[in-house]
Amino acid sequence: KQQQRHQINDHMILIDTPGMMWPKIRYPSDGDLLAANNNIGKNAYFEEEIADKLAGILLEQYPALIKARYKLENLITDGIALLESIAKKKGFPLKNHSIDLERAAITLLNDYRQGLLGRISLETPESRMLMMSRQTTIGEENPSQDKET
């Protein structure tokens, strides 16, 4: 990975700097989306947690793609239930006869990252504004009111 310069037109250059991130992620959901897109190292998150959040978004916005990819008879509306269904369909048992949610989570994340689920956009300007309004109303930090220390 190295820095790349792309000449867009006579007045604009796009500079791609892989690995460069903002010093602070203000909204937890931003970190979740970065992790889902494999832009954060694996040691910084739990696959099951990110896959659960990704599954929730996919089930809400792209239920038909999920149903088709995992050959689901009934539409599931919960992220953990989707991971359990994937584990059962793929045959991911643990030694104690429970299902391996970690392998199911990795499967979902890899399918998403490799484009096997179809064309997906996790965030739109409308969903971004909705997320920001939800998080500021539940008492999280408001980015327009940074506190000086």
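Residues numbered from 1 in each chain as written. Predicted model: local features only at pLDDT ≥ 70, side-chain atom pairs only at ≥ 80, totals over all residues. Heavy atoms only, no water.

Novice: Please explain the nonpolar core as it appears in this structure.
Specialist: Note that soluble globular proteins tend to have their nonpolar side chains buried in a common cluster. Counting residues in hydrophobic clusters, the biggest one holds 28 residues, and the most contacted among them are Leu54, Leu58, Ile66, Leu82, Leu108, Leu117 and Leu122. For this core, the secondary-structure elements that each account for two or more residues are helix 1 (28–36), helix 2 (47–61), helix 4 (79–90) and helix 5 (101–113). The biggest single contributor to this core is helix 2, with six residues. Setting aside chain neighbours within four positions, we find Leu117 in contact with Leu58, Leu65, Ile66, Arg69, Tyr70, Leu108, Asp111 and Tyr112. (Core = buried A, V, L, I, M, F, W, Y, C linked by side-chain atoms within 4.5 Å. Buried < 20%, exposed > 50% of the residue type's maximum accessible area, 1.4 Å probe, protein only. Helix = DSSP H or I, 4+ residues; strand = E, 2+ residues; numbered from the N terminus. Contact = heavy atoms within 4.5 Å.)

Novice: What is the right way to look at the side chain of Thr107 in this model?
Specialist: Checked against the element boundaries, Thr107 lands in helix 5. Sequence-distant contacts of Thr107, that is, excluding residues within four places in its chain, are made with Tyr70, Ile86, Lys90 and Phe92.

Novice: What is the right way to read the confidence of the model for the protein from this model?
Specialist: Low pLDDT marks regions whose predicted coordinates should not be analysed in detail. This prediction gives the protein a mean pLDDT of 86; 87% of its residues lie at or above 70. Per-residue pLDDT, averaged within each element of the protein, yields its smallest value for helix 6 (residues 125–137) (83) and its largest for helix 5 (96). Residue range residues 140–149 is modelled with pLDDT below 50. Its contacts to residues more than four positions away, or to other chains, number twelve contacts. (pLDDT = per-residue confidence, 0-100.)

Novice: Can you help me understand the pattern of salt bridges in this one?
Specialist: Note on pairing: side chains with opposite charge can pair once their charged atoms come close. Throughout the structure, instances matching the rule amount to six salt bridges. The closest approach of N and O atoms between Asp32 and Lys53, which form a salt bridge, is 3.1 Å. Pair noted here: Asp32 is in helix 1 and Lys53 is in helix 2, with a separation of 21 residues, a long-range link. For Asp32, a relative accessible area of 16% puts it in the buried group. (Salt bridge = Lys/Arg side-chain N within 4 Å of Asp/Glu carboxyl O.)

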